[in-house]
Amino acid sequence: MYTVFIYNSCITVVSEFSRGNTVMDNSVGVNEWTSTGNSARELNDMTGVLQDVSDTRINSQDSDSTQAQKSSLSPRKRLHSAGNRQSIPAYHPSSKSHRSSMIRFDSRFSDAPDGDRDTVRRSYNSSRIKNRIKSKREELNRLNTQVMTLKTQRANQEFENFKLEDRAIVLKEKLGTLNEEIEELKHHESESLKELEYKYKLTNKSLGLSHEEKIHKLKEEISSDIETLIEESVRRNGKKKESLLEERDNLLKQIKVQEQELNRKLIKLKEDYNKRLIMLDKGMDDNISSLKQELNSLQEAREDTDRKCVYLQSDEIPNLNALNEKLNKKLNYLKIKFHSKDMEISNLKNQILSLSTTRTNIEKTFESKETSVEYFNEKSLALNDKLADYEHERRVLHNRLQEIKGNIRVYCRIRPVNVSAIKKDSDLADMIPMEFSSDDFNEEANQELTISKEPISEYPSSYSLHNKVSNSHKFQFDKIFSPEASNQETFEELSQLVQSSLDGYNVCVFAYGQTGSGKTWTMSHPEDGMIPSSINKIFNDINTLKSKGWDYNIEGQCLEIYNETIIDLLSPSTNPNKKLEIKHDDVNQVTLVTNLTSSKLETKEQARQLLHRAMQNRSTASTKSNERSSRSHSIFMLKFEGINKISNEKSNGTLNLIDLAGSERLSSSQVRGERLKETQAINKSLSCLGDVIYSLGQQQNGTNQHHIPYRNSKLTYLLKHSLGGNAKTLMFVNISPLLKNFNETLNSLRFATKVNSTKLASK
Ligand SMILES: Nc1ncnc2c1ncn2[C@@H]1O[C@H](COP(=O)(O)OP(=O)(O)OP(=O)(O)O)[C@@H](O)[C@H]1O
């Protein structure tokens, strides 16, 4: 016995050998079955068989068996009760075919006895069912194989879909890359634009400065650069566009090919399905629907792909086209900009042309001005030459004048007496009777001074009486300054020698005379003494000489010779190691005192301060050593080093302003001890000075060619190169007007006369 149960969409074939003994023989899911394409008809056949078997059993066993049992065994009813919606053709026992088979069956066993006949029929039915089940199993296996094939095909199709999706992703990536490239192109283009602008600015600047040809060349270069860049940009963009279009075409082609392939496959599949549908019967609706679903999914995939293609066609390519348009617009904008820049360049060119015209005009004016400047320069040079010549001539003439006046000049200065202090005739009698006239010159341009112990005239109050004098002493000097003469008047005569020192000569100015005769007054009076006045004149003259091309370096030194010892007045020191020694450079006619302080003087003030310092040091020392100032020679030395920028002339001159020690005679001073030694040293050095000057005079006159005793005293040795030759010497003989100093005055006048008698001739 076989019973088919349908429960939970499963058909279960049960072989029942006996009532109440049921064995599960085979079980196939309905859905699976239907999906594998099992024919409903065959199933119906089988159920029909089962119905036959059932009917047979019903007929053969118990005709009174209940209708309920019958209905519970009916597969048709079971199928319907399981909710199977398949339309299965009805195999009712009352159907014609069924009845015919029953007739055939009955006719075969009609001859057999009733018991045997039932048994045979049952065995026959059993074998028949077995065979049919076997054949159905085989068919089921075949269907399973077909199902597997379809599954494989579906997997393949899914794989194809995946591939398509991958392809779409790759395409998207490519599009992304293309977008990046386009961005890069944009960036590159903006960079190129910036570079072009920068180049353009640079070129504009250089255009403004360089020549017209350069401008033209630069313009051409810039134009060609811009054109090249534009062409390059166009070419690159064109290439990109072409490649993009090519890519798009390729993609479209690929899509088309794939579409065709897909269509072909779909057609094939459809055909296959149709074939299979024909083969597997129309009852395989589920299968078809699944296939339809697959088809739908495939179509969806296809639509998706189509949409992607459309997206690519509709969105990306227009985007690319828009970008291209944008680039073209930019290119046009650049072209317009280039055109405007070109206009600007032409404007600039015009400006440069007008500027170059102006420049040419200015150059012409400049040339004419240059010509005038050259002319004036030449004139100025000529004038400078003339000026230098004049300056030289002036110097020569000045020197000649000084020589004519005498390289050794002696001026006598009579110290005034405080006239208000002379109250009585007896006071007048204490004065030295002297006679001179301030403007009375003899044939040799000398002035004469006559002194006498006795009154020279009946009117002794006058200095210029012309009465005959007994026991009188007559002297001749280059100039005699009356007691009323001021320092300014005195300096007028000296100033020419100061000029000589600036002109490169060595000048010595001595103040000779007994103590109290007015030497310091004459030389160092702080306001108008010879030294302060010389300082004034020197710095004034230097300024004037600057316009004639002269520049001067001035150095100042101050020293004292006391007891034949040199003392630095700017830095007095008791240090025995600091020896002040006189050194001579006979070749360059330069004298140097070792360790002597030398100060560079650039202003009057500096020179005055230097003098003030020296005077202070001298007075401090004087207090310590009992009026030493009267018994020492003080020397203020100014050295001038001049150079003329016009004529390149050089000059080296020295101005020595010397306040000599008092010239007291030993007999009159009646000194002893230290004081005697001092007086002897003073007298020795003064007499040496006289000797040197005298010897020099003799040498120049040709009478004495031998020895000049410079070394006999520190003073003469120091002044070796400032005495003699072209050097100028001026000696002030300061005399006292008092009768009590008559002998000293006479002595001084005699010494001065000795000096004055030596007129040094120029070489
Ligand atoms: N030209 C003058 N006018 C007015 N006073 C004068 C003149 N010359 C000298 N004296 C006065 O005479 C005095 C002595 O003068 P001064 O000190 O210059 O002499 P000296 O020769 O330098 O003396 P010593 O050798 O001691 O230094 C001073 O008081 C000074 O004021």
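Rules and cut-offs
- Residues numbered from 1 in each chain as written.
- Predicted model: local features only at pLDDT ≥ 70, side-chain atom pairs only at ≥ 80, totals over all residues.
- Heavy atoms only, no water.
- Axes fitted to C-alpha atoms, helices over the stretch in contact; angles between N-to-C directions.
- Helix = DSSP H or I, 4+ residues; strand = E, 2+ residues; numbered from the N terminus.
- Parallel < 35°, antiparallel > 145°, perpendicular 65-115°, else oblique.
- Left-handed = near helix turned anticlockwise from the far one by under 90°.
- Contact = heavy atoms within 4.5 Å.
- Phe/Tyr/Trp six-rings, centres within 6.5 Å; stacked < 30°, edge-to-face > 60°.
- Buried < 20%, exposed > 50% of the residue type's maximum accessible area, 1.4 Å probe, protein only.
- Lys NZ or Arg CZ within 6 Å of the ring centre and 35° of its normal.
- Core = buried A, V, L, I, M, F, W, Y, C linked by side-chain atoms within 4.5 Å.
- Pairing = 2+ DSSP bridges.
- Near = heavy atom within 4 Å.
- Polar contact = N/O pair within 3.5 Å; in protein donor to acceptor, adjacent residues only side chain to side chain.
- Nonpolar A, V, L, I, M, F, W, Y, C, P; charged D, E, K, R; others polar.
- Expected span 1.5 Å × (residues − 1).
- Patch = residues over 30% accessible without salt bridge, like charges linked within 9 Å, V, L, I, M, F, W, Y side chains within 5 Å.
- Areas by Shrake-Rupley, 256 points an atom, 1.4 Å probe, with all protein chains shown as cover.
- Salt bridge = Lys/Arg side-chain N within 4 Å of Asp/Glu carboxyl O.
- Lys, Arg positive; Asp, Glu negative; His and termini not counted.
- Charge placed at Lys NZ, Arg CZ, Asp CG, Glu CD.
- pLDDT = per-residue confidence, 0-100.

### Notes on the packing of helix H10 (residues 487-502) against helix H12 (residues 530-546)
Step number 1: Across the interface, H10 lies against H12 with an axial gap of 9 Å and an inter-helix angle of 45°. Between H10 and H12, the angle is such that the two are oblique. Remark: the crossing between H10 and H12 carries right-handed chirality. Here H10 contributes Asn487, Thr490, Phe491, Leu494, Ser495, Val498, Gln499 and Leu502 to the contact with H12, which in turn contributes Met530, Ser533, Ser534, Lys537, Ile538, Asp541, Ile542 and Leu545.

### Comments concerning the packing of aromatic side chains
Step number 1: On inspection of all chains with the given rule, the structure shows six aromatic pairs.
Step number 2: Consider the rings of Phe481 and Phe732, whose centres lie 6.5 Å apart with planes at 40°: the pair is tilted. Separated by 251 residues along the polypeptide, Phe481 in strand S8 (residues 479-481) and Phe732 in strand S17 (residues 728-735) bring together distant segments of the chain. Accessibility classification places Phe481 together with Phe732 in one group, the buried group.
Step number 3: Site record: aromatic cluster; members linked through ring pairs are Tyr411, Phe481 and Phe732.
Step number 4: Sitting over the ring of Tyr505, Lys728 keeps its end group 4.4 Å from the ring centre.
Step number 5: The ring of Tyr694 carries Lys754 above its face, with NZ or CZ at 5.7 Å from the centroid.

### Structural notes on the nonpolar core
Step number 1: Ranked by size, the top nonpolar core spans 49 residues in total, and within it Leu449 and Met731 carry the most contacts.
Step number 2: Leave out the neighbours within four places in its chain, and Met731 touches Arg409, Val410, Tyr411, Phe510, Tyr512, Leu689, Ile693, Phe751 and Val755.
Step number 3: Core analysis: the next-biggest nonpolar cluster, separate from the first, contains 37 residues, Val507, Tyr552, Cys558 and Ala614 among them.

### Things to note about the pairing of strand S10 (residues 550-562)
Step number 1: Across the 13 residues that make up S10, a large majority, ten, are buried.
Step number 2: Bridge analysis of S10 against strand S15 (residues 632-644) gives 13 bridges, and the strand direction is antiparallel. Within S15, the residue paired with Cys558 across the bridge is Phe636.
Step number 3: Sheet analysis places S10 next to strand S14 (residues 599-601), joined by three bridges and oriented antiparallel. Within S14, the position partnered with Glu555 by the bridge is Lys600.
Step number 4: As defined by bridge partners, S10 adjoins strand S11 (residues 565-568) across four bridges and the pair is classed as antiparallel. The partner of Glu560 across the bridge, within S11, is Ile567.

### What to know about the site of the ligand
Step number 1: What surrounds the ligand is the set Arg413, Arg415, Pro416, Gln514, Thr515, Gly516, Ser517, Gly518, Lys519, Thr520, Trp521 and Ser630.
Step number 2: Between an oxygen atom of the ligand and a side-chain N or O atom of Lys519, the distance comes to 2.9 Å.
Step number 3: Contact distances for the ligand include 2.7 Å between an oxygen atom and a side-chain N or O atom of Thr520.
Step number 4: The element contributing the most residues to the shell around the ligand is helix H11 (residues 519-524), with three residues.
Step number 5: Residues that form the shell around the ligand fall into these classes: two nonpolar, seven polar and three charged.

### Examining helix H17 (residues 742-756)
Step number 1: Taking 1.5 Å of rise per residue, 15 residues should cover 21 Å, and H17 covers 20 Å from first to last C-alpha, within 8% of that figure.
Step number 2: Phe742, Glu744, Thr745, Leu746, Ser748, Leu749, Phe751, Ala752, Val755 and Asn756 are the residues of H17 that are buried.

### A short note on the sheet that holds strand S6 (residues 447-452)
Step number 1: Pairing within the open sheet is antiparallel, and its three strands lie in the order S5-S6-S7. Edge positions in the open sheet fall to strand S5 (434-435) and strand S7 (472-477), since each of these has one partner strand only.
Step number 2: Summarising the sheet, S6 and S7 pair through six bridges and their orientation is antiparallel. Looking across to S7, one finds that Ser452 is bridged to Ser472.
Step number 3: With respect to the sheet, H17 is in contact with S6 and S7, its orientation differing from that of S7 by roughly 40°.

### Considerations on a negative patch on the surface
Step number 1: A cluster of acidic side chains, namely Glu367, Glu370, Glu374 and Glu378, defines a negative patch on the protein surface.
Step number 2: Along the chain, Glu378 falls in helix H8 (residues 285-405).
Step number 3: Accessibility expressed as a relative area gives 53% for Glu378, which makes it exposed.

### Some words on the pattern of salt bridges
If the charged atoms of two oppositely charged side chains come close together, the side chains can form a pair.
Step number 1: If you walk through the whole model with that rule in mind, you get twelve salt bridges.
Step number 2: The closest approach of N and O atoms between Glu261 and Arg264, which form a salt bridge, is 2.4 Å. Of the two residues, Glu261 and Arg264 are both situated in helix H7 (residues 212-280); the distance of three residues between them amounts to about one turn of the helix.
Step number 3: Its relative accessible area of 45% is what places Arg264 among the partly exposed residues.
Step number 4: Between Lys754 and Asp691 there is a salt bridge, with the nearest N and O atoms lying 2.9 Å from each other. Pair noted here: Lys754 is in helix H17 and Asp691 is in helix H15 (residues 673-701), with a separation of 63 residues, a long-range link.

### Looking at the confidence of the model for the protein
Step number 1: For the protein, the average pLDDT comes to 75, and 73% of its residues sit at 70 or higher.
Step number 2: Predicted confidence is poor over residues 1-110, with pLDDT under 50, and the contacts of this stretch with residues over four places away or in other chains come to 156 contacts.
Step number 3: Every residue in residues 458-469 is under pLDDT 50, and counting partners more than four places away or in other chains gives 21 contacts.

### So, H12
The α-helix winds at 3.6 residues per turn, so residues separated by three or four positions along the chain end up facing the same way.
Step number 1: With 17 residues, H12 ought to run about 24 Å at 1.5 Å a step, and its terminal C-alpha atoms sit 24 Å apart, in line with that.
Step number 2: In terms of residue burial, H12 counts as a mostly covered element, since twelve of its 17 residues are buried.
Step number 3: Every buried residue of H12 is accounted for by Met530, Ile531, Pro532, Ser533, Ser534, Ile535, Lys537, Ile538, Phe539, Asp541, Ile542 and Leu545.

### What about unusual backbone geometry?
Step number 1: Positioned with a positive phi, Asn595 is a non-glycine residue whose angle comes to about 65°.
Step number 2: On the secondary structure map, Asn595 appears in the loop between strand S13 (590-593) and S14.
Step number 3: Unusually for a residue other than glycine, Asn648 sits at a positive phi of about 60°.
Step number 4: Position of Asn648 among the secondary structure elements: in the loop between S15 and strand S16 (650-659).

### Some points on the environment of Thr565
Step number 1: Looking at the element boundaries, Thr565 is found in strand S11.
Step number 2: When its relative accessible area of 40% is taken as the criterion, Thr565 is described as partly exposed.
Step number 3: Along the backbone, Thr565 and Lys579 are 14 residues apart, and their C-alpha atoms lie at a distance of 9.8 Å.

### Some details on the environment of Leu749
Step number 1: Relative to the helices and strands, Leu749 is located in helix H17.
Step number 2: Taking the relative accessible area as the measure of exposure, Leu749 reaches 0% and is therefore buried.
Step number 3: Separated by 15 residues in sequence, Leu749 and Asn734 have C-alpha atoms that sit 8.8 Å apart.
Step number 4: Setting aside residues up to four positions removed in sequence, Leu749 forms contacts with Cys412, Leu449, Ile451, Phe475, Phe477, Val733 and Ile735.

### Notes on the side chain of Lys537
Step number 1: Summarising the element assignment, Lys537 is placed in helix H12.
Step number 2: Given the relative accessible area of 18%, Lys537 is considered buried.
Step number 3: When sequence neighbours within four positions are dropped, the list of residues in contact with Lys537 reads Phe491, Ser495, Val498 and Gln499.

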